[in-house]
Every structure is written in structure tokens, then in C-alpha cells.
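# Structure assessment
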Amino acid sequence: MSTNIMIVGVGGQGTLLTSRILGGIAIEKGYDVKLSEVHGMAQRGGSVVTFVRYGECVREPIVEEGQADVLIAFERLEAARYHHFLKKGGVMIVNDVVIEPITVISGQTTYPTDVLDPLEGKYKIVKVDANKIAEEVGNRRVFNTVVLGVAARHMDVEKDVWLRVIERTVPPKTVEINQKAFLTGLGE
Amino acid sequence: MKKLLLGNEAIARGAYEAGVKVSAAYPGTPSTEISETIAKYPEVYAEWSPNEKVAAEVAIGASISGVRSMCCMKHVGLNVAADPLFTCAYTGVGGGLVAVVADDPGLYSSQNEQDTRMIARAAMIPVLEPSDSAEAKAFVKRAFELSEKYDTPIILRSTTRLSHSQGAVELEDRVEVPDKPYEKRIDKYVMMPGMAKKRHLYVEDRLNRMAADMATDPLNRIEYADKKIGFIASGIAYQYVKEAMPEASVLKLGVLNPLPKALIEEFAKNVETLYVFEELEPVVEEQVRAMGIKVIGKEIFTRQGEYSANLLRKAVLGVEDYEAPTAGLPARPPVLCPGCPHRSVFSVMKRLKLHVIGDIGCYTLGAVAPISVIETTICMGSSISTLHGVEKAKGKDYIKNWVCVIGDSTFLHTGVNSLINSAYNRSSGTVVILDNRTTGMTGHQEHAATGKNLKGEPAPAIDLETLCRAIGVTRVRTVSAFDRDALTAALKEETQADELSVIICRAPCALLKGNVFPNKVFVDAAKCAKCGACITCGCPALSKNADKTAKIDPEMCNGCGLCASFCKFGAMEKREVLKK
Ligand SMILES: Cc1ncc(C[n+]2csc(CCOP(=O)(O)OP(=O)(O)O)c2C)c(N)n1
Ligand code: SF4
Ligand code: SF4
């Protein structure tokens, strides 16, 4: 048995950093772990997916449709795009903000604002406006760590482990603000 | 000590531990991080070469001199490096030589989906393929041993999923390998017909010997379980088999060329139904079939894209159990960054209604809406010669409203040869070099015109203008990519000229380290006519408010001013904010 986490967002939102923190947590807890990342072209503002899997013995590095325990989405449309990767009843943490893709900005299509409504009841959906919270914490860029804090409420890991791994993983100058953002997300 | 490493980091670590002394590469997703990692070891000389052919030759030279060496590339880079590597298969090596080649099933960041194992077979070069980070490190080390034992270059094949996944790896110490003494041996290193004929015999014999030896080598192994179903699998596909059907028997291949025929025969005899589960081409399947063995493969598994455990479950067990995806969602393709100089250049080309022959780099995104100016993209360096071909086919007048665009890194990769051709064969075309001072698309690597090398040390910087003139182009000029008036004038003039010309459009990539953006653009809603003209520039920082007035995300805007130049109502104002 493994725990499967999927992080989705828009290129440049820091999905990679978040998955690396989660990888660090798994290592710290003594699990076997695999992460799968996206590099290259897709990072330029495209839809980005990273995976984290940990457990006794992890084989494939990806999380597949119907297998994610937790889906962390940094943007609403991306949450909808990948919801079917969740297990039935899985936890979906959504940073409930809208980032219009170029196909919408340029008028080729429209942004479906109610995309999450039909999913209510299928999963445990937790919405948070992390951008706003991050701004209150003092830096809009740490919204991803706020979301991670919210996700941590649904995971069985001690607080100091999180703080230690964050300290090790984020750029040295941003340790304090990231820890603060995490704790705010965690609800402390 | 165990550490989480990307497949690419593990490959670099393996080479380091194996005592590699020279590594040469040209960037290419998904192989780039191998070089970026190995450059951090002071014991290893590591360089960005201008292209993969040069990189392979550097590695060959180092190997002939007696040291362990490596070159790294993405799958299409192997096409560029094919010439030296095909013949290196004949010469064999001095010190061990490993070419790391990373394929891209699913085309995350590539122009095709070719399978390196096919090329390796044609080249008669042995191939090893690991299935996770830990194996990646171990297999590189084995590859160097095998290279020296069998006197052959070895290809270590990776794929995007392996290269860009992290897994736990046990770090070990570097072992310094004594240099092999250099020997002058024209029978081995001068490949003219008389010598090459003999080496061809050697190559054939070598593959046969290796195939026999590999039947008992731990790189290939049988994991017997339930013998009703048996899979032959390698690389990441092996992990999918173990995930989806842990109860099945597996022949896990670590060596993909030559295949261990004896082992395959044994496995086939012992399982009832035999499948080959391999991403991309049926390389193993066809060889197994040629051995007269009944096997199921591409008739139920696709040649396209990446595999997964779900794909296997569906094809073999007929099981598919998950929610349907939401249909009809807007796509979110990659876009040029806010403040990207390419966008400014394209906006001028669009207004002038030019046909644009493209090349490969971030600027290839200029092919899609809303920019939609680039009309062809084939391979790196192709734009200049493609335009030349159009001109020679249709005449000078036909291309008076055509240009080609090529990035600075791509120009130095193979574009420069094409420019030589255009000058030599009297082309009259207009070549636009998009000089953003970096190799943008693959993550901002240095190149021969940036003034730094892979190790971050100062390096001589080629002056592109002087280079073009030395080739014989007399009409060469440099304009700022953001000076749209100057660029408009230059393009009008040069496309009409009856001579070959080069316009270098210079402005640093918006993501380049140290690039400071003192300005941002703000919308004056009172003046905004809600016409949406600014939005057509295609910058992702722009959108519309509910009342249809233009909106700029201040976090994203880099203040390049392009959108403001689209506004006829003076509703957009550039202000100094000194960000960063
Ligand atoms: C033979 C080959 N090698 C490597 C690549 C990967 N690759 C694609 S574009 C590119 C370089 C782009 O740099 P540049 O031309 O400067 O354009 P930019 O992305 O900076 O706009 C590279 C290395 C490739 N597609 N083909
Ligand atoms: S990385 Fe640089 S070159 Fe590529 S899209 Fe962004 S700004 Fe343009
Ligand atoms: S000035 Fe306009 S075009 Fe340039 S980055 Fe800002 S919003 Fe985008």
C-alpha cells in the first residue's frame, strides 16, 4: 500500500517545490518514495502535474487515474482537469483562484467557473483562497505553502517534521515566510 | 547514505562514481540535468558543446586518449550525433565511453517520438536501460565496465519519466580509474575501407559474444511467479507491470541490444502466455517473433505515447475503474512568458503579414494562437536552409514576404552551417536571429555566445554579427527586440533587398537570472475603450475585467510595454516600480 499524492497547477506556480517538500517528508518518515516531475516546455505557463508516492515499496513514479489519495490543485480549472485521478472519496484541496489560460484570454473559449460543482459529493473538496492568505502572511508567492498547510491537515505527519523539511527544501532566504505560510494553512 | 535523486542526477552520479573524466553535451529535455549535475563535480571536465555531434566527438577523443568519457543528449540529438557514433561502433573505445540518450514517449517537449533502440540496432551499439534512479546509477557504472570489456561505446537509454522522476539512491565513493595508455593504432582508429571491413567483422562478433554473455548477466533477470502470464519488459514499463500485475512472471531486460536470446527462449518455454510490454516501437517484440516465439505485443499495446499500469490493466485484464474526466475543459497550452522578447518580434511580423519559417526553441510557441505567425518547424537549425529551399524552388520574388527565425542557441547548434550555405549559394532571404542571450526552452543554459561555460566560468563569447559577416553576409544589423519601429523598418527593407541579410533581434529572455524589470504597465480604466486590442498580443498577464476593461496581473507583468503599444487610446501607462 502506498500513499499517492498529485499536485497540479499552472507552470511557474511551484508544483515542483511542493512535491519536493512532500518527498522530503516521506524520506523523513522512513518510507520508500518516488516523485515524478515536469521540466521543459510545459513549464512555460502550461498545465503542470507532479506526483508523489510513498509507502513500503513504491514501483511506478506516477499516480494514475483513480488512485490519488490527495489531489492538491493550485488553480480551479486544473483541479477539474485532473479530478478523475482521485480515488472515490479522495481529498481534493483547491486553491480556489482563477488563472485564465491563453485559450480563454484570446477569446477562443470561455472559463467555466462552475467546474467544481458537479464534483461535490464525489470527493472531500476543501477550497481555500490561498493567494489572499499568502498576501496576509506577507508574500503572495508563498500561496503554495499555504495550500500545503491545508493539505497537511489531512495527512498524518507531525508539525515539526513539516517545519524541518520545509527549512531544508525551500530557498534559505524564504524559510521563515514559508514556515509561517504553512502554519497558517495548517490552521495555527 | 540514501538520497532522493532525479533519474538524470543518478546518471550523473553514476558517471562520477565510475571515474568519468570528460563529459560533453548539448542541452535537450529530458536529458539536460545530467550535465548540470555532473558539472558540479570538480573531478570531471564537463562542457556544453554547440551540438550533439561535437559533444560525441569530444567524448570519443577523450576515450581514445584513454579516459572514461560520456556524452548526453535527447533522442533527436542522437540523429545529430549519429555520424560519429555509428563509426565509433567500429573503432571501439580506449577508456569506456557511454552515450546517454533520453527518449520522450508522449512528446512532453519534443518534435517527434523516435525510439533510440531502433537507431542503436542500426548502429550496432549495445543499449542498457534502467528502470528507476537507483538502477540508473548502477547501470551507468556497469555500462563503463562493459564498454571497456567489449571495446564498444554503450548507449544508456532513458525516457522522460525515468529522467524526471526521483527515487532513493545509495551514494558511493568515486573510484579513480587509471588512464589506459594511448596507443597509435590505425587498424582501430582510422576508419578507411581496408580497416573498417575488418572492424565490421569484429563488431558482428562482439554483438554475438555479448548476446551470449548477457543471458547469464544480472542486468537481465527472470522473476518467476504465476507462470500463466509472462511479460518481457524493461525500463519504466517494467515498473508498470509490477504495479498492475505483481502476480505475473517477468523477464526484466536491462540490456536491450543485443537481446539475450537464450534467456528469452527459456522464459518463453516456461510461461503460458507471453507478452512484450514496451513503450514506442516493437523492437523487442519483433526480434522475439523472429525467433519463432508466439508473443502478444503491439496488437493490444499502442506504439504511441507513454504507458501506465492502467493501460496494462485495461489491455490485458479489461479493467478500467475510475471516474470519467470532465469533458470540454479549456486547454492550457504553454505560452511565451510575460515580457518575452520573442512576442514583440512576432507582433511586428504579424502586422507585416510575413510568412515565417520557424525553428526550435521557446519561439516555436509563436506558431499557435493568438500569435500564429510561424508556419514550419522541423528540427534544430532547419529554418535558414528551409527558406533557402523555398527560394531556390520558387525564385527570389516569391520570398519577398518571407523570413526565417532562429534562436541564438539554435543558430550556433546547426543554423550556422545553413547560413554558410545560403551565403555560398546566393540566397536573398532574410534571417532573423532571436538573440535572447540564452538557451531558453531547456531551462537557460549557457552557449558559445553568452560569455560563460557549463561550469559557470567566464568564457569567450562569439560575436554573432562578426560571425555572420565572416560567412560573407554583408547586410547584418542588430536591433532591440522591443524596438518595434526599428524592427519594422529593418524587416521591410531586408525582405525587399536582393541579397541575403541577417537581422539580430536582441533582448534578454525574461526569465534570465539577473534580468531586472524596473517597469510595470497599468491600465487606466477610465480611458480603456474595451476594444481588447492589447489582449491580441497574447501576453498571459492580460485579461479582461467583468466590465470588459483590460486587466493586467501586476505579479506577472514584466513591463515590456508591448500591450501598451497595441492600445490606441492611451489607456496603458508604463510606470517605474523597481521590482526585485
Ligand atoms: C537536436 C536537438 N537537440 C536539442 C533539442 C532541444 N532543444 C529544443 S530548442 C533548444 C534550444 C533553444 O534555444 P534558442 O534557440 O536559444 O531559443 P530559446 O528557447 O532561447 O528561445 C533545445 C536545446 C532539440 N530539439 N533538438
Ligand atoms: S523562457 Fe525566455 S525565451 Fe522562453 S518564453 Fe520565457 S521569456 Fe521567452
Ligand atoms: S507590459 Fe503588457 S505585454 Fe508586457 S508583460 Fe506587462 S502585461 Fe505583458
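## Looking at the confidence of the model for chain B
When pLDDT is averaged along chain B, the result is 97; 100% of the residues meet or exceed 70. In the model output, the complex is listed with pTM 0.97 alongside ipTM 0.95.

## Here we look at the pairing of strand 17 (residues 430-435) of chain B
Residues and elements named next belong to chain B. Strand 17 sits mainly inside the fold: 6 of its 6 residues count as buried. Of the two faces of strand 17, both are covered, the one formed by Thr 430, Val 432 and Leu 434 as well as the one formed by Val 431, Ile 433 and Asp 435. Examined bridge by bridge, strand 16 (residues 402-407) and strand 17 share 4 bridges and lie parallel to one another. Within strand 17, the residue paired with Ile 406 across the bridge is Ile 433. In this structure, strand 17 lies alongside strand 19 (residues 501-506), joined through 6 bridges in parallel fashion. Bridge pairing in strand 19 places Ile 433 opposite Ile 504.

## A short note on the confidence of the model for chain A
Across chain A, the average pLDDT comes to 94, with 99% of residues at 70 or higher. Within chain A, the element-level pLDDT minimum falls on helix 3 (residues 102-105) of chain A, averaging 93, and the maximum on strand 4 (residues 68-73) of chain A, averaging 98.

## As for helix 11 (residues 261-270) of chain B
Residues and elements named next belong to chain B. For helix 11, the complete set of buried residues consists of Leu 263, Ile 264, Phe 267 and Ala 268. Seen from one end, helix 11 has its buried residues packed into an arc of 130°, which puts them on one side. Residues of helix 11 that are buried make contact with strand 9 (221-223), strand 10 (226-234), strand 11 (248-253), strand 13 (273-277) and helix 12 (283-290).

## Examining the interface of chain A and chain B
On the side of chain B, 54 residues touch chain A, which itself brings 52 residues to the contact. Of the roughly 4500 Å² buried between chain A and chain B, counting both surfaces, carbon and sulfur atoms make up 58%. One salt bridge connects Arg 332 of chain B with Glu 75 of chain A, and the closest N-O pair in it is separated by 3.0 Å. At the boundary of chain A with chain B, the tally comes to 23 residue pairs in polar contact (both at pLDDT 80 or more). Note that strand 2 (residues 32-36) of chain A and strand 8 (residues 165-170) of chain B share 3 bridges and pair antiparallel. Residue pairing across strands places Lys 34 of chain A opposite Gly 167 of chain B, the latter belonging to strand 8 of chain B.

## Quick notes on the packing of aromatic side chains
For the structure on display, the rule yields 12 aromatic pairs over all chains. Relative to Phe 182 of chain A, the ring of Trp 162 of chain A has its centre 5.1 Å away and its plane inclined at 35°; by these criteria the two rings are tilted. Linking Trp 162 of chain A in helix 6 (residues 159-169) with Phe 182 of chain A in helix 7 (residues 175-186), this pair joins segments that are 20 residues apart in sequence. Across the pair, exposure class does not vary: Trp 162 of chain A and Phe 182 of chain A are buried alike. For the pair Phe 301 of chain B and Tyr 307 of chain B, a centre-to-centre distance of 6.3 Å together with 50° between the ring planes defines the contact as tilted. Ring pairs connect the aromatic residues Phe 231, Tyr 275, Phe 277, Phe 301 and Tyr 307 of chain B, which therefore count as one cluster. When the ring centre of Tyr 202 of chain B is taken as origin, the NZ or CZ atom of Arg 199 of chain B, which lies over that ring, is 4.4 Å away.

## Focus: the side chain of His 447 of chain B
Residue and element names in this part refer to chain B. Turning to its location among the elements, His 447 is positioned in the loop between strand 17 and helix 17 (464-471). A relative accessible area of 9% places His 447 in the buried class. A distance of 3.0 Å separates polar atoms of two side chains, one belonging to His 447 and the other to Asp 408. Excluding residues within four positions of it along the chain, His 447 makes contact with Asp 408, Ser 409, Leu 412, Arg 437, Thr 438, Thr 439 and Lys 452.

## So, the sheet that holds strand 16 of chain B
Residues and elements named next belong to chain B. Strand order in the open sheet formed by 6 strands is 15-14-16-17-19-18, with parallel pairing between adjacent strands. Edge positions in the open sheet fall to strand 15 (374-376) and strand 18 (475-480), since each of these has one partner strand only. Strand-to-strand twist in this sheet, taken as the mean axis angle between neighbours without regard to direction, amounts to 30°. Where strand 14 (residues 355-357) and strand 15 come together, 2 bridges link them in parallel fashion.

## So, helix 15 (residues 382-394) of chain B
Residue and element names in this part refer to chain B. In a regular helix each residue adds 1.5 Å, so 13 residues correspond to 18 Å; helix 15 covers 18 Å between its end C-alpha atoms and thus fits that length. Within helix 15, burial applies to Ser 382, Ser 383, Ile 384, Leu 387, His 388, Val 390 and Glu 391. Those residues of helix 15 that are buried lie in contact with strand 14, strand 16, helix 16 (408-424) and strand 17. Residue Gly 395 follows helix 15 closely and has a positive phi angle near 95°.

## Let's talk about unusual backbone geometry
Residues and elements named next belong to chain B. Residue Pro 30 is bonded to the preceding Thr 29 through a cis peptide linkage, with omega at 10°. Following the sequence through the fold, Pro 30 ends up in the loop between strand 2 (22-25) and helix 2 (32-38). In this chain, Asn 257 is followed by Pro 258 through a cis amide linkage whose omega measures -5°. The topology assignment puts Pro 258 in the loop between strand 12 (255-257) and helix 11. One non-glycine residue with positive phi stands out, namely Asp 151, at about 55°. If you trace the backbone, Asp 151 turns up in the loop between helix 6 (133-150) and strand 7 (154-159). At Lys 530, a residue that is not glycine, the phi angle is positive and equals roughly 60°. Relative to the assigned elements, Lys 530 resides in the loop between strand 20 (519-523) and strand 21 (542-544).

## Some thoughts on the environment of Ser 31 of chain B
All names here are of chain B. With respect to the helices, strands and loops of the structure, Ser 31 is situated in the loop between strand 2 and helix 2. In sequence terms Ser 31 and Lys 74 are 43 residues apart; their C-alpha atoms lie 5.5 Å from each other. Setting aside chain neighbours within four positions, we find Ser 31 in contact with Asn 8, Met 73, Lys 74 and Ala 102.

## Quick look at the packing of helix 1 (residues 15-28) of chain A against helix 6 of chain A
When two helices pack together, their arrangement is given by the angle between the helix axes and by the axis-to-axis distance. All names here are of chain A. The interhelical angle for the contact between helix 1 and helix 6, taken along N-to-C directions, is 125°, at an axis separation of 9 Å. Taken together, the axes of helix 1 and helix 6 lie oblique to each other. As for the relative orientation of helix 1 and helix 6, their crossing is right-handed in sense. From helix 1, Leu 17, Arg 20, Ile 21, Leu 22, Gly 24, Ile 25 and Glu 28 reach across to helix 6, where they touch Val 161, Trp 162, Arg 164, Val 165, Ile 166, Arg 168 and Thr 169.

## Notes on the domain arrangement of chain B
All names here are of chain B. Along its sequence, chain B is carved into domain 1 (2-214), domain 2 (221-317), domain 3 (341-506) and domain 4 (519-576). Here domain 3 and domain 4 have C-alpha centroids that lie 29 Å from each other. Domain 3 puts 7 residues into the contact, and the matching count from domain 4 is 9 residues. On inspection of domain 3 and its partner domain 4, the count reaches 0 salt bridges. Here domain 3 is connected to domain 4 by 3 residue pairs in polar contact (both at pLDDT 80 or more). With 3 residues, the top contributor of residues to the side of domain 3 that touches domain 4 is helix 14 (residues 341-351). Split into classes, the residues belonging to the side of domain 3 that touches domain 4 amount to 3 nonpolar, 2 polar and 2 charged.

Reading the values: rules and limits
- Residues numbered from 1 in each chain as written.
- Chains lettered and ligands numbered in written order.
- Predicted model: local features only at pLDDT ≥ 70, side-chain atom pairs only at ≥ 80, totals over all residues.
- Heavy atoms only, no water.
- pLDDT = per-residue confidence, 0-100.
- Buried < 20%, exposed > 50% of the residue type's maximum accessible area, 1.4 Å probe, protein only.
- Helix = DSSP H or I, 4+ residues; strand = E, 2+ residues; numbered from the N terminus.
- Pairing = 2+ DSSP bridges.
- Arc of directions from axis to C-beta.
- Contact = heavy atoms within 4.5 Å.
- Buried area = accessible area lost by both parts, 1.4 Å probe.
- Salt bridge = Lys/Arg side-chain N within 4 Å of Asp/Glu carboxyl O.
- Polar contact = N/O pair within 3.5 Å; in protein donor to acceptor, adjacent residues only side chain to side chain.
- Phe/Tyr/Trp six-rings, centres within 6.5 Å; stacked < 30°, edge-to-face > 60°.
- Lys NZ or Arg CZ within 6 Å of the ring centre and 35° of its normal.
- Axes fitted to C-alpha atoms, helices over the stretch in contact; angles between N-to-C directions.
- Expected span 1.5 Å × (residues − 1).
- Parallel < 35°, antiparallel > 145°, perpendicular 65-115°, else oblique.
- Left-handed = near helix turned anticlockwise from the far one by under 90°.
- Domains from an automatic or database assignment.
- Nonpolar A, V, L, I, M, F, W, Y, C, P; charged D, E, K, R; others polar.

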